[in-house]
Each structure stands twice: as C-alpha cells, then as structure tokens.
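Take a look at the letters that make up each chain.
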There are 2 protein chains.
Amino acid sequence: MGHRLGTPRMNSGRMWGLGFRNQRIHTHLMEMMLCLKQTIEKNLMYLTIRHPQQDLVLEEQRHSQGISKQEALLGNLMYQLVNLLQSGAMGGLELQWSWPSLDVRDDVGGGQWAQSSRQSDTLVHPLSDPVATFVSQHLSNRGTDISDLYHSIFQDYKIYQRDKYHEVKNTLGFINLGLSENKLCLDLMTERLSQSDMNYIEDDLLQYSDWRGQLFLREEVARFLTYYCKVPDRLDPENVVVLNGCSSVFSTLAMVLCDPGDAFLIPTPFYGGFAFSACLYSKVELILVHLDSEVTDANPCPFQLTVDKLEQALFEARLTGKKVKGLILTNPQNPLGDVYSQDSLQEYLEFAKRYNLHVIIDEIYMLSVFDESITFHSVLSMQSLPDPSRTHVIWGTSKDFGISGFRFGVLYTHNKEVASAVSSFGYLHSISGIAQHKLYRLLQDREWIDQVYLPAYRSRLQRAHEYMTKKLEALGIPFLNRGSGLYIWINLKTYLDPCTFEEELLLHRRFLDNKLMLSRGKIYMCKEPGWFRITFAEKPLRLQQAMHRFYQVLSEQKQDLIVKQLEDTQRE
Amino acid sequence: MGHRLGTPRMNSGRMWGLGFRNQRIHTHLMEMMLCLKQTIEKNLMYLTIRHPQQDLVLEEQRHSQGISKQEALLGNLMYQLVNLLQSGAMGGLELQWSWPSLDVRDDVGGGQWAQSSRQSDTLVHPLSDPVATFVSQHLSNRGTDISDLYHSIFQDYKIYQRDKYHEVKNTLGFINLGLSENKLCLDLMTERLSQSDMNYIEDDLLQYSDWRGQLFLREEVARFLTYYCKVPDRLDPENVVVLNGCSSVFSTLAMVLCDPGDAFLIPTPFYGGFAFSACLYSKVELILVHLDSEVTDANPCPFQLTVDKLEQALFEARLTGKKVKGLILTNPQNPLGDVYSQDSLQEYLEFAKRYNLHVIIDEIYMLSVFDESITFHSVLSMQSLPDPSRTHVIWGTSKDFGISGFRFGVLYTHNKEVASAVSSFGYLHSISGIAQHKLYRLLQDREWIDQVYLPAYRSRLQRAHEYMTKKLEALGIPFLNRGSGLYIWINLKTYLDPCTFEEELLLHRRFLDNKLMLSRGKIYMCKEPGWFRITFAEKPLRLQQAMHRFYQVLSEQKQDLIVKQLEDTQRE
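- The name that an unreviewed UniProt entry assigns to chain A is 1-aminocyclopropane-1-carboxylate synthase homolog (inactive) like, with the source organism given as Suricata suricatta.

## Regarding the sheet that holds strand 9 (residues 487-491) of chain A
Residue and element names in this part refer to chain A.
Move 1: Ordered by their spatial adjacency, three strands build an open sheet running 9-12-11, and the pairing between neighbours is antiparallel. Each edge of the sheet is formed by a strand with only one pairing partner; in this case those strands are strand 9 and strand 11 (519-520).
Move 2: As judged from the five bridges shared by strand 9 and strand 12 (residues 531-535), these two strands associate in the antiparallel manner. Of the residues in strand 12, the one forming a bridge with Ile488 is Ile534.
Move 3: Docked against the sheet, helix 17 (residues 446-475) engages strand 9 and strand 12, running at close to 10° with respect to strand 9.
Move 4: Its contacts with the sheet put helix 18 (residues 501-513) on strand 11 and strand 12, and the angle it makes with strand 12 is roughly 25°.

## Describing the pairing of strand 12 of chain A
The side chains of a regular strand alternate between both faces of the sheet.
Move 1: Burial runs high along strand 12 of chain A: five of the five residues are buried.
Move 2: Covered by surrounding structure in strand 12 of chain A are A:Trp531, A:Arg533 and A:Thr535 together with A:Phe532 and A:Ile534, the residues of both alternating faces.

## Quick look at the pattern of salt bridges
Residue and element names in this part refer to chain A.
Move 1: Taken as a whole, this structure holds 54 salt bridges over all chains when the rule is applied.
Move 2: One salt bridge in this structure joins Lys527 and Asp292, with 2.8 Å as the shortest N-O distance. A residue pair is termed long-range when its members are at least 10 positions apart, and Lys527 in the loop between strand 11 and strand 12 and Asp292 in the loop between strand 4 (285-290) and helix 12 (307-319) qualify at 235 residues.
Move 3: The class of Lys527 is partly exposed, set by a relative accessible area of 41%.
Move 4: Salt bridges sharing common partners tie together Arg192, Asp197, Arg441 and Asp445.

## Some words on helix 10 (residues 273-282) of chain B
Residues and elements named next belong to chain B.
Move 1: Burial analysis of helix 10 places 10 of its 10 residues in the buried class, which makes it a mostly covered element.
Move 2: Listing the buried residues of helix 10 in full gives Gly273, Phe274, Ala275, Phe276, Ser277, Ala278, Cys279, Leu280, Tyr281 and Ser282.
Move 3: Looking one or two places after helix 10, you find Lys283, whose phi comes out positive at around 55°.

What counts, and where the lines are drawn
- Residues numbered from 1 in each chain as written.
- Chains lettered and ligands numbered in written order.
- Predicted model: local features only at pLDDT ≥ 70, side-chain atom pairs only at ≥ 80, totals over all residues.
- Heavy atoms only, no water.
- Pairing = 2+ DSSP bridges.
- Helix = DSSP H or I, 4+ residues; strand = E, 2+ residues; numbered from the N terminus.
- Contact = heavy atoms within 4.5 Å.
- Axes fitted to C-alpha atoms, helices over the stretch in contact; angles between N-to-C directions.
- Buried < 20%, exposed > 50% of the residue type's maximum accessible area, 1.4 Å probe, protein only.
- Salt bridge = Lys/Arg side-chain N within 4 Å of Asp/Glu carboxyl O.

Here it is in structure tokens:
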C-alpha cells in the first residue's frame, strides 16, 4: 500500500492528454507541489522530534545530515527534471542518475543489506559540499563502496589464501572449515582429469564461441540434468546457459528479471554470496524471510520454511512499496543442510505462481545427499511445474564434483526469453574453451560418475559427517543433523555471554587466532546470534587437526566465560 | 553550459539552511515550478512545431510519443520525490531509480549511443499505461534492453556460429573477416598446448583461489610484460589483475573509475566492444572524438588523433555538463592499425594529466606489429609516465596468441587502489584454474615465443597482409596501409550511392548474402560512411576464397550502381 498511498495525484500517464495540455500543466504541477510541500514539512518535523531523549549533539548531527541528504536529493531531482526536459527538447534525453551507494559496514545492527545514505558524486557534487571521509582520489563512489564491501567480506579469506595449512610445509597455517569446499575426492578428480581424453584441443576451443557456452557442452548438460534430476521429458540444450560460476548465473538472472531496487524474497539463514552478487551489479534488494530455530506448533522443525512466512514477508514488503519479483531457494539448503520434501517444494512453487513471482532455485548440492533415506527432488523432476516460465534452476560442478576452481555454472530455464537475455552476459562471463571441453568429458562419463565417483564421494561424505557429529555430540554442542551438503549448522550460543552478534564475532575471531576458519551465522543473515556453519568435507587428518583446534578454542572460551561470570557474581 | 544554464535556481545545498526552513520551502518550490513550467511549455511548443513539412501521421505519432515519454518521466520524478521523502522520514532512503534504458536501435542516425526514453518498470508502471511493444512478460526493462541490444549486435555472429565455412564439410558456409581473430598460428598453438607440461593438475587449481588470479600467473604476467613492454623497472605482481577477458577488465575498470553517467573520451573509429561493455553494467557514456579521413594542414594523416581534438571534445563535453573521467586509447589502434609514436603517446598522456583524466590504454595488439620498421611503445616502457596512478593498461592473449577462446584479460596499473577495487569483481569474472596454469606455462616459455612463435606469427601476418593489400590495390580500393593488427581499414564509399550509412548497411548485407562477413564502419562509430574493417589474419586458402567472394560482391554492386546511374540519367 506504501506506493499507492504516495501516488494518488501522480496519474501523469493521462496528465497531459492530447487536448488542453498547456492549460492543465500548471494546475497539476501546483497540485503536486502542494503534496510535496506537505510531505516535506511533515518530514522535517519528524526529523526535528526524532529521539529527543538521546544524546543531543549526536542527534543534532544526524538531524542536519538527514536534512542535507534530503536537500541534495530533492535538489537533484529538480535539477534532473529541468535538465531532462531541456535535453528532451534537444532530441536526446541525458538523464544522469546513479543508484545510491551500498553500505554494509553497519551490518551488525540491521539484518537487511542497508543502502547507504551517501550519494554518488553526480548527486552530491553540484549541490552540496563533498564529505571528505568518503572520497577516494581515484575511485568512483560505487568503486569505493564495492571495494570496501569486498575487502570487508573477503578479509579472512585473503589471509587464509596466503597462509594455508599444509601437512608438511605449513602445519601452523589456517584450516578453512568456513568455506563450503568439497576436498574429499580431489584424488579421484585429479586422476580422471589427467586421462588422455581430457587434453583434446581443436581450433574451436581456442576461438571465440557461442556466448551461451559451446553447443557440445550445453547438449551434455541437458542430458546430464535430464538423467540426474529425473526429468520426465528430455531437457532442451537451447534452454541451457553456461557461465563462469553459479554466482555469475545468479547475478545475470537478477539483472534480467529485476530493475535496480526490485526485490527477491529469500529465507534466512542463506548463502551470503547471493547478497554480495546482488550488490556488485544488479542492485537487487533481498527481502529476508526469517526462520526460527525454536520448535513450536507453527514451526514444527527448526528453521522450517512455510508458505505463511513467505506470504507474510511478501505482504509486508509490498506494504512498504517494494516491488518483489521473485523468490530465491537453495535445495539442498545451505547452510542448514535441509532437503525440501516434494510437498513443500510444490507449496513454495504454488505460492510463487499465485503472486507471479519468479523462483530461482539453486540446486548446486543436488548430488551431495549422503543419507540414503533422503530423496532429493529437483524442480525439474516435477510432472507439472506450477509456473515453468518463471522457474529457473542453477547448478554447477563446484560442490558435487569439488572443482570450484573450474568456475562453471549452469542455468536451466524453460523460458527461452530469459535464457536468451542471460546469454547476453556471456560476453563478460564466459569460460575457457578448454575448460568447457573438460567439463563436457566429465559430465559425459556416466559410468565413472555412477560406478566410481558418486559411491566414493557419498561414502566419504557420510564418514566425515559421522566423525564431526560425534565430536560435536561429545562436546555437547547442538546442531542440525541432516543428510546433505558439506557442512553442519551448529549452535554455539552457550559460549556467548551475552548472546549477541558482537560476541559471535569475537568468538569467530578467537577461532581465527587459532588458525581455524568457520562461518558465523551473521554472514547468513541468521536472526539469532550464536550459529556457525562448519564444513566437514575435508580430508580426515586435516579434519582431525581442525577439530582439535575447535576444541581448544571452545575450552578457552568456556574458561573465560567462567572467569567472567565469577567476576560478575563477585561484583554483585 | 547546458547544465549550468539549467541550474541557477537549484542551489538547494543551502536551500533549506538551519533557520527559516519551513517558510522558505514554499517560495523556493514555487520558483522551481515556475522554471519548470516555462521549460515544459517551451518544450511542448517545440514538439508541436518540429518538422511540420514531413509526413503528418508519422509526425503526430512521434509527437504524442514524445509527450508520453515526458509525461512518464516528469510524473515519475515527482513520484520518486514524494516516495523518497516519505521513506526518508521512515529512516531509510529507499530511492527506487533505474538508469534509463539504452537503445541503439536507432544507431543509424546518431553517432552517440543514445539513451532510450523508455523508463524501467518501477518508473512507468504505476504512472502510465504500459506500452505493449516495450513490455516483456518476464524480463525487467533493463533485461529487455540488454537482450535487444545484444541480439541486434550479435545477430550476424550467431548466424555465422551456426554456419561456419569449412574446406571440406561446409564450403558454402560463412567466412568471417569481420571478427578480429588471429587464425594464423592455430597449428603452432595447438602443438604447444598439447605438450605434457600443460596438463598439470594440482589441488589448488581445482579449488577457489585468489579472485585477482592465481599468484603464479600474476607473477608470470608481471615478468612477461616487463620483458615485452621493455619496462625500466620490474613490474609488481600485486598490480596485476587477471580476469576472463579484456572486455571484463575494461568493464570493471569503468565500474570502479566512474559512477553511472560519467564519461570517457574515445577517438573514433574505435572497437565497438567498448560500447557494448559500457552498456552491460557500468552505464558509462562514451564521448566520441571524431577523427577525419581527409588530410589537411590540421590533419596531417588520415584519422590523426591530436591533443587539439581531445581538448575540444573535452571542453564541449564539460560545457554540456558531462563528467569526463578518462580517455580510452587502443595502441596499436583498432580498426586503423596505427601505432602511436612515442611523442604522440606522451602528448596524449600529458593532456590527460592536465585535466586529471584516467587513461585506459588497451595494448592487446602489442605483439602483432609485423612491419619491422615500426616500433611499438608500451606506456609501461616510458621512463617517466606523466600520471602513473591514472594510467591503466589492458592486455590479453586473444589477439597476439590467437587464443580468444581462453578468455584471458590482464589489467596492469601502478595504482594499487584501482587494482584492488577491480579485483573485487574477480568474484564474477574469474578464469578456470587449469586455464590459468596453461597460460602461465605459455607466457613462461620465452624460448618458444621468441624462437618459434613470434617469428612465424609475424611472417605469416606480413604475408597475409601483403596478399590482401595487393588484392585491394588491384581492385582500386583505398585503404590504410599499416604495419600492425589483424585487419585493414578500407574505403568502399565509391560503391555507395548515395554515400550514407543506410547504403553502407545494404552493402554489408550484400556481403552477408554472399556468405562473407566484414565489419562496417558504423560499428566503430566512424563519422564517415563507407569504411569497412577487413581481417586478413586467416588461413591462406580461406583468405583466397573470401577475397573471391569479396570481388564478386563488389562487381555486383558496381553493376547495380551503373544501372541505377543510367536510370537516373534517363529520368533526367
């Protein structure tokens, strides 16, 4: 309703009809201005009376910052308006506008990826004084923002890259159980990739090719998905787009399905890469559908996604004027490890259809289900998909085959228009021809996959999972015991006092100080502090070493908590 | 002056100072509205009296389209304004704005990449009736625009991909002398890439790596460029960023150096990929610096780039309020084949320094200089680069090594801040680890490059160039006889009557009808119709076949021209 409330007088589509145009302009503009004036006055008043109980200096500062921002924004809109009309008259519309910069530096408080109040140069420069702290001498505003964001997100990862654990060469290096990387079958993969059929070279692999991906690879992907996703009808290679990684597929889908500021629903906790990808290019907002760990009548399982929650989030978003274009699902789920039942899946898809939402479903862990009692259902396997033209599947080899370094992501969509639009981005997201050929050979070798690779992979996953769950049980750490994925979602809130995201971060840093990387729940936008994702798809000896460090950190942490609690008691 | 003229009343940075705020709002808004009203009226009048002599129905259509556009734009600005102020009052600025869609469908007329008047869904939908032809059921507005643009640009390329010439299998297929692809040394390259050192696999190549590119590759690139660019001091691997193609490097540079709507100067004719890349993500405007073919006192060589021309374009752009952030150069030039002299290069760089402009210099053809009398000077070779922190070099192996299918592009910049910001985009533009290793081995093998590859490559280039220039001379076709690159810039204007871009397009289609692809000058934003770029780096037999088709098309075209001229004479 938010949008509608704001626009009752804005029916400008008919504002200047073919007759009486000039006469009506003045009246309409005056009406608009009256509406504007009232809004501005209300707004200024609101700024003035906001939080009067708080620190007055700080409040005054915020207040005048708020006003400056609005001045700049309003002034710029006016400026653009005049400019636009003038250039319209000159035959070329030269609207210069930029998306507001993104700022996640305050991610501890919010939960949503906040949009920064700082405006781009084009906005601020002509109208207000530049704010020194924000200005880079060489980078644009968006360049600075993205760079800051990247370096804050990947800070630990970069340290890890420079100081990786090695059994012989670097026993004091970082062990990374924070990244979801499958290191269980590198031996098998190396052996297979070293076979002679892999090293084929032909002219076409060395030259420019179809930006959607080479036809031979798309054909093989279609066959592969038809088989492993148990698709009733053969998939069409023309609906396959192959890009350099699943994040590229997601990012380009967001580009072609949304305009800047449009939104996707996404249940939390979720894979943080979606948020980073959305910031880099598409500027799509993610509307969080918060799931709870606590089991109640309405929430029969921890972090259970229900249509009620989706509907509520959608309605709330629409009330605040958001334009929700789709729903993002990951199945098997990351970081929870849940596999959606066929019924649940059907319900989510029908919900999406009811509200004309696209569904982007990331099935990147589809072959990483190691518990035999669990059946994975791909949306592609459904006999009648509720809304085929709005259902888009992402898959890749990074997880199931443990070759994230290949940078290979697949889009399958029944919607040829979407496939075609995404392929436009192949120009900037394509894969080496020689890598495409290797992937083609790999996916084609069904005998090796079924007889050698998958049995070994799943049994190793199972064993590593068992090893880790036993360790967690021994330590009395609650966790979600699931049968898919490369990681376990564990609850360390008893190690936090108070149980806040700040303490979660401190514990995370303590792991880092002990050369162990985990992923903290905040990264997944989990609404409850204390959750961590720990990857178990690591070689046995390394896993053992990691769990040793894990145990040590938690012991230290517990010691400190006891001391702290004693001190608190004494103080009382 | 355009912008300044539009803004004398827009000094809103101080508009609502701390005192007398509410009282002043009304007055200022009324002032602005008066200004707006005058502009709108002037504009409507202009639309009404425009080209009254032309077809009235068409004019009426244009007229009402123009009005609808402006209605939607103005209405939307108002709507955004109210929405913005309201959300500002709610504590979070939720500006929903999208960059105006790009439209190059009318590229025949303009020269500059025009911005479409059609607005994004968020803009148009709530305020005006949807225009059926513009609306896609599933794609966003930007998705539709980019898809349309891509398919219009790559239409011929896609036909070629499906029907390529082959000496045995498809003698009636397309021969592509339109693409700048080096097919002269595929034999040598295949041989080298088939050697055993290339097929090395280790765990690190299969896993996530540094998003800037693997360190071993960046180190090798730094050594390689130090050697081949004759760099006085060793280049630093920390200043190297490796992405999947030079277009990705350019696109990400544009992202981090510019905000949307900022501009780069670029001399025409230029490689069209810059324009397409700029449209996909960065929304950077290209300001064309038109060069002339005619030799005069002020223009000593055809298409001579001078500082005067750069300065004039910069001043004109600034007068119209453009925020020019940099200059794009390609050296050796594409499509002209020119190699900039050291003095010229120095002048361009000093010009850029004088105006605080970044220089993006694409040296992708640096090893493709086949005339021994010509020396290529990389900007990296300069003893004292005028503005090192604003000079950014692009290179890759697509042209010099004829392996465009590898998707490999390099950024070298002395500016660590820029390198670091660009590397943020490695997340969506990285290369397969195994391809990185092959590239590393290739660049490392200096003996093979110097003793085997480069001598063979350059001599083959030389021979192919000689073959083609002789054919052109025999046909009496003027062309630029240069000693670098894979192509020749030829002038077919005597085959056009009248000499227009429409006729250029028709001739281009006639080549296509005869299964020959060339690139027409319009794609390079050449201001004079009639120029084409023809690639000669093709295998001898194929080149021969292509030139046979070329001759046939021009003979037919000449026949038609004679018939047409006869008819014209008879009519007179």
